[in-house]
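# Summary of the model geometry
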Amino acid sequence: MRISKLFGKTLREVPADADTVSHQLLVRTGMINQLSAGIYSYLPLGWRVLRKIENIIREEMNAAGGQEVNLPVIQPYEMWQLSGRDKALSKVLFSLHDRRERRHVLGPTHEEVITQLASRFIHSYRDLPTMLYQIQVKFRDEIRPRGGLLRVREFHMMDLYSFDVDEAGLNIAYDCMVEAYQKVFDRCGLTTMLVEADSGAIGGKDSREFMAVTESGEDEIIYCPDCNYAGNVEKAVSAKVSIDNGEPLPVEEVATPGMGTIEEVAGFLKIPHSHTLKAVFYIADGQMVFVVIRGDLEVNEIKLNNVLKATELRMATEPEVIEAGIVAGAASPVGLEGFKVVADDSVTSGTNFVAGGNKPDTHIRNVNFPRDFKADIIADIASARAGDTCHQCSGTFASTRGIELGHIFKLGTIYSEKFDASFIDEKGESHPSVMGCYGMGLGRLMAAVIELNHDDKGIIWPLSVAPYHVYICTLSREGTPVSQEAEKLYEELTAAGLEVLLDDREDSPGVKFNDADLLGIPFRVTVSPRTLEKNSVELKKRSEKESEIVPLTDIVDKLKELIGS
Ligand SMILES: [Zn+2]
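Quick summary incoming for the structure in this document. Because the structure is predicted, anything quoted here is derived from the model rather than measured. (Residues numbered from 1 in each chain as written. Predicted model: local features only at pLDDT ≥ 70, side-chain atom pairs only at ≥ 80, totals over all residues. Heavy atoms only, no water.)

### Quick notes on the overall build of the protein chain
Quick reminder of the rule: Only DSSP runs of H or I reaching four residues or more are called helices, and only runs of E reaching two or more are called strands; each is numbered from the N terminus. Only protein chains enter the accessibility calculation, which uses a 1.4 Å probe. A residue is then buried if its area is under 20% of the maximum for its type, exposed if over 50%, and partly exposed in between. For this analysis, residues touch if any pair of their heavy atoms sits within 4.5 Å.
Helix and strand content of the protein chain: 15 helices and 33 strands. The buried share of the protein chain, reckoned over its 565 residues, is 52%. A separation of at least 24 residues holds for 71% of the contacts in the protein chain among residues at least 6 apart in sequence.

Structure below.
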């Protein structure tokens, strides 16, 4: 491709709204262009990269035994009512009505559709196991699209679904997918961390995310350097150290004039935050929930939502708290009736806590569970943090950030039961298929490659996904011997099967070199009057500082060897 003919222009200016490196570089290189919030066009260079990523994924899914299908984007809304996800995903579903006023959704994921399809073709244990996948556009009406391709509303995704006769079969499919995903990321030049994850609205028992570790990631990862445990902060569990304050003592009131926060109360009584109990109020599906947790910990709303199985969870407002008759700043479950109480399991390991007295300016010493209060639910609802103790090995947690590249789930039978995807076993008995699902975002993967492979001059594409292999810089005007030699080289390399960009513009060497670096093509070949004097060209790798002079007679073979074509 000649750059003079290439659709799309490089930009010198960093776009004002681009807050991540990949967003800046994707726009500056003319690879993507925004249509509206979280909705992008891919230009020729960007589309080439996406197609290469797609091919790598397709090769690995086929090698793992997957069969490619293509499912409809438009799905009847009733399927979502049947799975119950009409509510769980209500905020992100794009929906539309057809001419008969029948409601449909634009697929954000395809568990419903694939399970119904499976129910029509899988009847016997002999039809199992099977793995089906597709690479397709998906739609999610994200509240806050951000980061260019990192969080978008229309995106390309590979989703694979496995069907097995039992849990053991599912485990094999799951491990097979872990390996296949790893191969995809390796081939795209990405190092990833496999972390425990919250299953969210997809459901199922066990789920893990592949994270590209980078500070620009929007997910926080909690991990243990000693035993290699890693979890998304939404899911990670820390060991809760017992707060031993001796044998339980009788409760006693203590005046805490004007002290409302844990900070104030602990400071006033000269005790650590961990010796207090904190009350936090939520509204879950319209109902007030009284949450109690140790004073040094924070409530993890995703864990809380999971134990409550709520569709909508939010903090209660101040007027709602007052209307419920709660004394904010001095509230505790001690002696309180009429509320659903959820306690973090931290309250069960420790003695003689200080808690609110449910009267203004009053707290209570020596509160002990379960002697002094009851809870409807006791569970881990605390956020794990760096510095906490690992629940597996008693090492110390550290934290980092990552971009979620893939999310894999052991679904079990939740969808196959609802959509009657069952099979007859050897004894003639019917069972629901045991399912797994495995999703990977292509655009996000492309953005992650840039986040992890760039310098201050631009992108440094790994060869496997680079839009072109070679960038020829012609440092002379059209019609000169230099430009004729560059043209000849362009023809020869292209004929040899290499993908070549020829910078044939009438621009200064500075502009051409800057664009070559910005676009990040792995090999740059410069043809100039100076190199031609020696019947040679200059060859430079984008990832290295030094260049070398290569004789014209050798350059084609040398590049073929380097690129492996
Ligand atoms: Zn550990």
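### Description of the nonpolar core
Applicable threshold: Only buried residues count toward a nonpolar core. Its members are Ala, Val, Leu, Ile, Met, Phe, Trp, Tyr and Cys residues joined through side-chain atoms within 4.5 Å.
By size, the foremost hydrophobic cluster in this structure holds 65 residues, and its most contacted members are Met61, Met158, Tyr181 and Trp461. For this core, the element with the highest residue contribution is helix α6 (residues 167–187), accounting for nine residues. Every residue in contact with Tyr181, bar those within four places of it in the chain, is listed here: Met61, Met158, Phe210, Gly406, Ile408, Tyr438, Gly439 and Met440.

### Remarks on the packing of aromatic side chains
We count it as follows: By convention, a stacked pair of Phe, Tyr or Trp rings (six-membered ring in the case of Trp) has centres within 6.5 Å and planes under 30 degrees apart, an edge-to-face pair has planes over 60 apart, and any other such pair is tilted. Remark: a charge is flagged as sitting over a ring if the NZ atom of Lys or the CZ atom of Arg is within 6 Å of the ring centre and within 35 degrees of the ring normal.
For the coordinates displayed, the defined rule picks out 10 aromatic pairs. Ring plane angle 55 degrees and centroid distance 5.3 Å describe the contact between Phe185 and Phe210, whose orientation is recorded as tilted. With Phe185 in helix α6 and Phe210 in strand β10 (residues 206–213), the pair connects residues that are 25 residues apart, well separated along the chain. Across the pair, exposure class does not vary: Phe185 and Phe210 are buried alike. With a centroid separation of 5.1 Å and an interplanar angle of 55 degrees, the aromatic rings of Phe369 and Phe373 are classed as tilted. Stacked on the ring of Tyr468, the Lys or Arg Arg48 has its end atom at 3.9 Å from the ring centre.

### Comments concerning the coordination of the zinc ion
Where we set the bar: Any N, O or S atom lying within 2.8 Å of the metal counts as a donor, and for Na, K and Ca the limit rises to 3.2 Å; water is left out, so some sites can look incomplete. Geometry is assigned from donor-metal-donor angles: four donors are tetrahedral when every angle falls between 85 and 135 degrees, four are square planar and six octahedral when opposite donors sit over 155 degrees apart with all other angles between 65 and 115, and any other arrangement is irregular.
Distances from the zinc ion to its protein donors, namely Cys224 (SG), Cys227 (SG), Cys390 (SG) and Cys393 (SG), fall within the range 2.3 to 2.4 Å. Each of the four donor atoms bound to the zinc ion contributes to angles spanning 99 to 116 degrees, and the resulting shape is tetrahedral. Taken in sequence order, the residues that donate to the zinc ion follow the motif C-x2-C-x162-C-x2-C. Of this pair, Cys227 sits in the loop between β11 (219–223) and β12 (230–232) while Cys393 sits in the loop between β22 (389–390) and β23 (398–412), and the two are 166 residues apart along the sequence. Taking relative accessible area as the criterion, Cys227 reaches 26% and is therefore assigned partly exposed. Judged by relative accessible area, Cys393 falls into the partly exposed class, the value being 31%.

### Points about the side chain of Glu60
Which entries qualify depends on this criterion: Contacts described as polar in this section are N or O atom pairs within 3.5 Å, which, within protein, must combine one atom able to donate a hydrogen with one able to accept it, while residues neighboring in sequence count only if both atoms come from side chains.
Considering the arrangement of structural elements, one finds Glu60 in helix α2 (residues 44–63). At a separation of 2.8 Å, a polar atom in the side chain of Glu60 contacts the side chain of Arg187. If we ignore the near neighbours within four places in the chain, the residues touching Glu60 are Ala180, Lys183, Val184 and Arg187.

### Some details on the sheet that holds strand β31 (residues 523–527)
Our working rule: If DSSP finds at least two bridges between two strands, the strands pair. Think of each axis as a best-fit line through the C-alpha atoms, taken over the contacting stretch in the case of a helix, with angles from 0 to 180 degrees between the N-to-C directions.
Taken in spatial order, the five strands of this open sheet run β30-β29-β31-β32-β33, and their pairing is mixed. The strands lining the two open edges of the sheet, one partner per strand, are β30 (500–503) and β33 (547–551). Strand-to-strand twist of the sheet, defined as the mean angle between neighbouring strand axes without regard to direction, takes the value 25 degrees. Lying on the sheet, helix α13 (residues 509–519) is in contact with β29 (470–474), β30 and β31; it crosses β29 at an angle near 170 degrees. This element, helix α15 (residues 552–563), spans β29, β31, β32 (536–541) and β33 of the sheet and lies at about 125 degrees to β33.

### What about the pairing of strand β2 (residues 39–42)?
One face of the sheet, then the other: side chains in a regular strand alternate in exactly this way. As paired strands, strand β1 (residues 32–36) and β2 are joined by four bridges and run antiparallel to one another. Directly across from Asn33, in β2, lies its bridge partner Ser41. Between β1 and β2, which pair antiparallel and follow one another directly, the connecting turn spans two residues, one of which, Gly38, has a positive phi of 70 degrees.

### Examining the pattern of salt bridges
Here is the rule we go by: Criterion for a salt bridge: a side-chain nitrogen of Lys or Arg within 4 Å of a carboxyl oxygen of Asp or Glu.
Counted under the stated rule, the structure contains 39 salt bridges. For Glu111, the salt bridge identified is with Arg85, shortest N-O distance 2.8 Å. Residue Glu111 is found in helix α5 (residues 111–121), and its partner Arg85 is found in helix α4 (residues 85–88); the two are separated by 26 residues along the sequence. Across this residue pair, the class does not change: Glu111 and Arg85 are buried. Among the salt bridges present, the one from Glu112 reaches Arg85, with a minimum N-O distance of 2.7 Å. In this pair, Glu112 sits in helix α5 while Arg85 sits in helix α4, placing the two residues 27 residues apart along the sequence. No difference in accessibility class separates Glu112 from Arg85, as the two residues are buried. Via salt bridges that share partners, Lys240, Lys303, Asp344, Asp345 and Asp380 belong to a single interconnected network.

### A few points about the packing of helix α12 (residues 481–495) against α15
In helix packing, the relevant descriptors are the interaxial angle and the interaxial distance, both defined with respect to the helix axes. We apply this condition: Our angle categories are set so that under 35 degrees counts as roughly parallel, over 145 as roughly antiparallel, 65 to 115 as roughly perpendicular, and the remainder as oblique. Each crossing gets its hand from how the near helix is turned against the far one by less than a right angle, where anticlockwise is left-handed and clockwise is right-handed.
Packing of α12 against α15 leaves a shortest axis separation of 10 Å and a crossing angle of 30 degrees. The angle between α12 and α15 places the two elements in the roughly parallel class. Crossing hand, α12 versus α15: right-handed. Contacts between α12 and α15 involve Glu485, Leu489, Glu492 and Leu493 on the former and, on the latter, Leu552, Ile555, Val556 and Leu559.

### Comments concerning the packing of helix α1 (residues 21–28) against helix α11 (residues 442–452)
This is how it is decided: Polarity classes work like this: nonpolar for Ala, Val, Leu, Ile, Met, Phe, Trp, Tyr, Cys and Pro, charged for Asp, Glu, Lys and Arg, and polar for all others, with Gly in that last group.
Viewed as axis vectors pointing N to C, α1 and α11 meet at an angle of 105 degrees, and their least axial separation amounts to 8 Å. Relative to α11, α1 is oriented roughly perpendicular. Residue-level contacts link Val21, Ser22, Leu25 and Leu26 of α1 to Met446, Ala447, Ile450 and Glu451 of α11. Taken together, the residues that form the contact of α1 with α11 break down as six nonpolar, one polar and one charged.

### Here we look at the sheet that holds strand β16 (residues 287–294)
Two orientations exist for strands paired in a sheet by backbone hydrogen bonds: parallel and antiparallel. Pairing is mixed in the open sheet, where five strands are placed in the order β17-β15-β16-β18-β21. The sheet is open, and its two borders are formed by β17 (313–315) and β21 (377–379), each paired with just one other strand. Across this sheet, the average inter-strand angle for adjacent strands is 30 degrees, counted without regard to direction. Where β16 and strand β18 (residues 340–344) come together, four bridges link them in parallel fashion. If you follow Phe290 over to β18, its bridge partner there is Val341. Contacts between helix α8 (residues 301–308) and the sheet are confined to β15 (277–284), β16, β17, β18 and β21, with β17 contributing the most and set at about 130 degrees to the helix.

### Description of the state of the cysteines
For clarity, the threshold we go by: Pairs of cysteine sulfur atoms within 2.5 Å are identified as disulfides in what follows.
This structure, assessed with the given rule, holds zero disulfides. Between Cys176, a free cysteine, and Cys437, which holds the nearest cysteine sulfur, the sulfur-to-sulfur gap is 15 Å. With relative accessibility at 3%, the residue Cys437 sits in the buried group.

### Overview of the environment of Glu13
For Glu13, the position within the fold is in the segment before α1. Linking Glu13 and Asp345, residues 332 residues apart in sequence, is a C-alpha distance of 52 Å.

Function-wise, these values are silent; they only describe arrangement.
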